[in-house]
Each structure stands twice: as structure tokens, then as C-alpha cells.
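# Results of the structural survey
Chain by chain, the residues run as shown.
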Amino acid sequence: MAARMKFICDTERCIDCNGCVTACKNEHELAWGINRRRVVTINDGIPGERSVSVACMHCTDAPCLAVCPTNCIYHTEDGIVLHSKDQCIGCGYCYYACPFGAPQFPETGMFNHRGKMDKCTFCAGGPEPDTSEAEFKKYGRNRIAEGKLPACAEQCGTKALLGGEANQIADIYRQRVETRGYGPELWGWKIAYGRPKGGGEIKAKGDLPRTNQIIGDVQNDPGRFPQ
Amino acid sequence: MNKIRSRLRYLILALPLLLTGCLEVDQFPGWLHGEYAGKEDQRHFQARFHGDRLAWSAAIQNRAMQQNEYNRANP
């Protein structure tokens, strides 16, 4: 089966540095006012605040694709959602349909004038010859065709944002959660990740103290070496 | 004996029908005649990887594994 390219953001690691946003803008030389990616902070300033980096999630069953009246949005065989700016009429339906607010519109003006939709391409360009000048001008750089992953994920300092083939990045995330001993404990965790665990069960559930909050633990004692 | 044999025959005839339920069908039209559902585009491995899909996918998977810092220093 073909690969399915996905992003995942580890909220335990995201430090709201906005490096991904900057890397994306720089890589694609985006216009003023367009942020294909942004960092959302939940419970800002309250203990337990979390940040998450959001862009197009390249949905398998993409609602934007379903509502587009000109059918300009398409799926590549690797599960990347792309669109044709030549066909886009800037109606903004995709913006209403998208649960992540991924579609961006470059202009604001009279009569709801928006310009052509722009969104995260998973650094895979669009319907122009790959790595061509025309593609770069319309859709940004095509790193996927160069055998690279999206700039935002590759530059992430804490490796909170992972991008790539879904099974692979899910494996990385699962290993992390098993190693640190706790996860987001979200509904659906077992369906997504619940296979027999090599690294042990998740120890702290709910509000119990987490291993990194235990004083004297290796992580909180820089003088000690891990066992 | 004949009864069992006829039952077995029906079972074997019904087997393909049962197994068709195990197919995973792609939900979107694939790349056909240089187009994705009418939008002209190249496949990712055509421009820089000389159409070598395996080489491209190996490059991508290598990069993806580099995101796992536990491979560098496992705590």
C-alpha cells in the first residue's frame, strides 16, 4: 500500500518557539499575511498549558476536497492533499470546511475578494513540473521530490513536530510515550497505538505524578548518569 | 459423503465472495495519464529520482527515522 504522509505534533515537547512557522515562511518565501503553519497554545499561562503546531493535516478523507466547487483539490498517491491555483476561484468554502483552518487567502479587499487559496503542501509543490520555477512561485519549494521531508518537521528543535510516513512517525511517537511513561491518554489511543508494548505500560494515568516530576529521578538530577 | 462434498463445493464457491470483503480500496483516483483527477502533476519520484520509486521512498524513510533521536542516544 502506498505511503500516507502525515504530521504529528507531540504536545509534551512543543515549546511554542514558532520555529516551524518561520521555517515554512522562509522555505516557501510566502507572501505577507500567509501562515501555512501556526502554533496554537491552549490554557496559556495556566499550569499545564500545551502548545500544538497546526497546518494542513493532509486528511485521508479531506473535507476541503469534498466541498471545493471547482474540484481543484486532489490527493496524491502518497496521501498528500494538494491544490491547483489555476482552478481555484477563491470562494473560501475550503476554509469553512477545514477543521484546522489550514487554507489561507492572501488578499483582503472589497466584495470579499480573497485571492487564490494557499495552504501547506507538505513541501510537495503542486500541479506544475516538479522543482520548477513555476511551481516554486505558485506553491513553494518541493522538498518531497528532492527526497526530503517538510522543512517545519525537519528543523523542529525539540522534535515535537514529526512529519513523514504515518506508520513510521507513529512508531517514533509510541516509542517516546512508552519511554517517558505517559502519554496524552486520549480517546482512541489504544486503537491507534495499542499493540503489545515492548517498552512497558503507561505508568502514570490521570493526575498522578509523572516520572519527570519525581525529585531524585535521573531527569531531575543532572549529576547522575542514567541506570 | 455426497452431502459433505456438495457443501464443500458451495463453501469453495463462496470463498472468493467472502474474501472480497478483505480488500482495501483506495479512496481517491490514482495517478493516470500524468494527472491526479484531472490536475496535471508529476509523481514525487519522477523529477529527481529518475522514476525510481524505491530509491525515493528509501530516502524519505531514512529522513523520517532521523527524526527519532532515541536512535542516536537511547535514554
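One can find the structure itself at the top, above this paragraph.
Residues numbered from 1 in each chain as written. Chains lettered and ligands numbered in written order. Predicted model: local features only at pLDDT ≥ 70, side-chain atom pairs only at ≥ 80, totals over all residues.

## Here we look at the overall build of chain B
Of the regular secondary structure elements, chain B holds 2 helices and 3 strands. Secondary structure elements of chain B, listed N to C terminal, follow the sequence α-β-β-β-α. By the compact-globule yardstick of 11 Å for 75 residues, chain B is too spread out, its C-alpha radius of gyration being 23 Å. C-alpha extents for chain B along the principal axes are approximately 65 × 50 × 20 Å. (Helix = DSSP H or I, 4+ residues; strand = E, 2+ residues; numbered from the N terminus. Rg over C-alpha atoms; globule rule 2.2 N^0.38 Å.)

## Comments concerning the pairing of strand β6 (residues 161-165) of chain A
All names here are of chain A. With 5 of its 5 residues buried, β6 lies for the most part within the structure. With 5 bridges connecting them, strand β1 (residues 5-9) and β6 associate as antiparallel partners. Note on β6: the bridge partner recorded for methionine 5 is glutamate 165. (Buried ≥ 20, exposed ≤ 12 C-beta atoms within 10 Å, placed from the backbone. Pairing = 2+ DSSP bridges.)

## Let's talk about helix α1 (residues 2-19) of chain B
In an α-helix, one turn spans 3.6 residues; hence positions three or four apart end up facing the same way. Look at α1(B): 26 Å from first C-alpha to last across 18 residues, which is about the 26 Å you get at 1.5 Å a residue. The element α1(B) is largely exposed, with a buried count of 0 among its 18 residues. (Expected span 1.5 Å × (residues − 1).)

## Quick look at the interface of chain A and chain B
Taken together, the contact pairs 32 residues of chain A with 29 residues of chain B. Ranked by residue count, the leading element in the side of chain A that touches chain B is helix α6 (residues 166-180) of chain A, at 5 residues. Here the residues of the side of chain A that touches chain B are counted per class, giving 14 nonpolar, 10 polar and 8 charged. (Contact = placed C-beta atoms within 7 Å. Nonpolar A, V, L, I, M, F, W, Y, C, P; charged D, E, K, R; others polar.)

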